[in-house]
Amino acid sequence: MKITKICCIGAGYVGGPTMAIIAQKCPHIKVTVVDLNEERIAKWNDSDVNNIPIYEPGLSEIVKEARGRNLFFSNQVDQAIDEAELIFISVNTPTKTYGSGKGMASDLKYIELCARQIARVAKNDKIVVEKSTLPVRTAEAIKNILDNTGNGVQFQILSNPEFLAEGTAVEDLLNPDRVLIGGDTTNEGQEAIQSLSEVYRNWVAPERILTTNVWSSELSKLTANAFLAQRVSSINALSELCEKTGADINEVAKAIGMDSRIGPKFLKASVGFGGSCFQKDILNLVYISKSFGLNEVADYWEQVIIMNDHQKRRFSKKIVSTLYNTVTDKKIAFLGWAFKKDTNDTRESAAIYVADDLIFEQAKIAVFDPKVNQQQMLSDLNCLESRPENQNSTYLISYDNPYDACKDAHAIAILTEWDEFAAYDWKKIYDGMLKPAFIFDGRNLLDKEIVTAIGFKYQAIGS
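Heads up: these notes are all about the structure in this document. (Residues numbered from 1 in each chain as written. Predicted model: local features only at pLDDT ≥ 70, side-chain atom pairs only at ≥ 80, totals over all residues. Heavy atoms only, no water.)

Thoughts on the packing of helix H9 (residues 214-245) against helix H12 (residues 295-322)
Any two packed helices are characterised by how steeply their axes cross, that is the angle between the axes, and by the distance between the axes. The condition that has to hold: A fitted line through C-alpha atoms represents every axis, and for helices the fit uses only the stretch in contact; the resulting angles, taken between N-to-C directions, go from 0 to 180 degrees. Counting from the N terminus, the helices are DSSP H or I runs at least four residues long and the strands are E runs at least two residues long. In this scheme, roughly parallel covers angles under 35 degrees and roughly antiparallel covers those over 145, while 65 to 115 is roughly perpendicular and the rest are oblique. Note on convention: the crossing is left-handed when the near helix lies turned anticlockwise from the far helix by less than a right angle, right-handed when the turn is clockwise. Contacts between residues were defined by any pair of non-hydrogen atoms, one from each residue, lying within 4.5 Å. As a working rule, the residues Ala, Val, Leu, Ile, Met, Phe, Trp, Tyr, Cys and Pro are called nonpolar, Asp, Glu, Lys and Arg charged, and the rest polar, with Gly in that last group.
Direction vectors running N to C along H9 and H12 enclose 45°, while the axes themselves pass 9 Å from each other. Classified by the angle between their axes, H9 and H12 sit oblique to one another. H12 is crossed by H9, and the crossing has left-handed handedness. Contacts between H9 and H12 pair Ala226, Phe227, Ala229, Gln230, Ser233, Asn236, Ala237, Ser239, Glu240 and Glu243 from the former with Tyr300, Trp301, Val304, Met307, Asn308, His310, Gln311, Arg314 and Lys318 from the latter. Its residues assigned to classes, the contact of H9 with H12 comprises eight nonpolar, seven polar and four charged.

Description of helix H13 (residues 350-360)
What counts, and what does not: In this scheme, a residue with accessible area under 20% of its type's maximum is buried, one over 50% is exposed, and one in between is partly exposed, where area comes from a 1.4 Å probe on protein chains only.
Burial analysis of H13 places eight of its eleven residues in the buried class, which makes it a mostly covered element. Taken together, the buried positions of H13 are Ala350, Ala351, Ile352, Val354, Ala355, Asp356, Leu358 and Ile359. Gln362 lies just past H13 and shows a positive phi near 70°.

What about the packing of H9 against helix H10 (residues 249-257)?
The interhelical angle for the contact between H9 and H10, taken along N-to-C directions, is 135°, at an axis separation of 9 Å. Classed by the angle they form, the pair H9 and H10 counts as oblique. The interaxial crossing formed by H9 with H10 has right-handed handedness. Together, Ile235, Leu238, Ser239 and Cys242 of H9 and Ile249, Val252, Ala253 and Ile256 of H10 make up the contact between the two elements. A class-by-class count of the residues in the contact of H9 with H10 yields seven nonpolar, one polar and no charged.

Digging into the pattern of salt bridges
This is how it is decided: Every case where a carboxyl oxygen of Asp or Glu lies within 4 Å of a side-chain nitrogen of Lys or Arg is listed as a salt bridge.
Under the definition given, this model contains 21 salt bridges. Its salt-bridge partner being Asp35, residue Arg40 comes within 3.1 Å of it at the nearest N-O pair. Its relative accessible area of 12% is what places Asp35 among the buried residues. In this structure, Lys43 and Glu39 form a salt bridge, with 3.7 Å as the shortest nitrogen-oxygen distance. You can see Lys43 and its partner Glu39 sitting in helix H2 (residues 38-44), four residues apart, about one turn around the helix. Where salt bridges share partners, they join Glu240, Glu243, Arg314 and Lys318 into one cluster.

None of the figures reported here should be taken as evidence of function without further support.
Encoded structure:
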C-alpha cells in the first residue's frame, strides 16, 4: 500500500514531534495529528510557533515549515481516522494507580479506547501502528478489538516504538540509530511493514530500518529503557560509596567509560533520572516478569527503581543535614524543574520529590526554570499522594530569573542541567544570598574551584 494519508492519535511528546518530522520529510503525505484536548490542539495551531505546547530545540521551525502544507492539528478524530491509510496510536500509557497491577502495570484504557474508535469509524483497510510504549502482546489485544468490533475491514497491526531522548528529539528523529518495525509474519503483515518502511526511507537509510515480529519490537523498547536506566542507577549507587571513601565519581566514571566495552554514555552521576519512560517501562518489565512467575528477574529490575528513589531522598536529606538539621522557614532556591535540559517535560522529575521532602520540613522553595511555569510546578506537587492536603502554593514560588530566585536564599539546589546555569554571574548570586551560602549540585554541573573561590560551600553528587 502506498501511503498518502497518515493520522496520529495523540498530540503529546511523541506524536507531535514525530509527525512534524514525517510531514517535513514527506511533503507528498498528508499528516493529521488529532487529540481530544482542545487546548493542546489550539497551542499546536498557534500563529506564533514559539507557543506550541512542547519545547524541543528545532521543533518550532519544523512545525512552521510543514503546518498548513501537509501537517495539520485537529480535534476531528473520526474524520482523520476515516481518511487515513495508516494510523499511529500515540496516547499516554501511565502506570496504573488502581486495581490489579497498581503501581507497576501500564494503564491501557486509552489504547483500548483508540482501538474501539478506529473499529467504529473505519470503512476500509487500515494499518494501525503502536507508537506508545506498551507491554508485550498489546498488539494482540488491539487486533482482537479491531477484528471483532469493526466493520468487516482488514487491519494490520504494527509495533513501531520511539527511541527519542527528550531535549534531543528532533535530532533523534532526523538521524535515528535505528527504526524498529514489528509486524506479522504473514504476507499481509510483511506488506504493511514495507508500507511503513517506505515512509521512513524518505530520510532514513535502509540499513537502519530493522524489522522483527511484533512481540520482539514491543519488548525491545522496554528493554532499551531498562538498560539505560540501569546505567544511571549503577553510577549513582557508586556515587554514595565515593562520598564515603574520598573517591571522586567523575573520575571513576571517566575511567570506566574509557573502556570500549562500557562506553561513557549514561554514566553521569546525578540526583536521579526522571521523565515519562524510564520508571514506567521498568515497572512494566517488573510486572510482566512477576506475572510469568519470574520473581528473580523482577527483583533485579526493581532494584534500579529502588536505587533511583534512594538517590532523590539522599539528596534532600543531605540538604537538611548540612543546613544544621533544619530547613524550617529557610529559603531554598531550585535551579531547574524540568526532568532534564532542553525540554519543558516535568514528569517524574527529581525536583518534584526533592521539593516535596523539603516542603514537608517546612522549607520555602524558590524555583527558576527557563521553560516551566509555576502552575505546572504546583500541579506536579499536587499529584503526589503523600500529602494531598498540603497547600503547596504557600511553600513554592517560581521566579522569572535566577537572581531573584536566589536572593536571600540559604542554599541553592541544582536539579536540571540547563547549560545556561553554568554561565551565570555566580558572584552576583553569592552576594545576594544569606551566608554561609550553600550549593547542592544535583547534576555535577558547576566548576567546584570557581564557585568555592567565590565563597560558596559546595557539595556535588559523589565528590
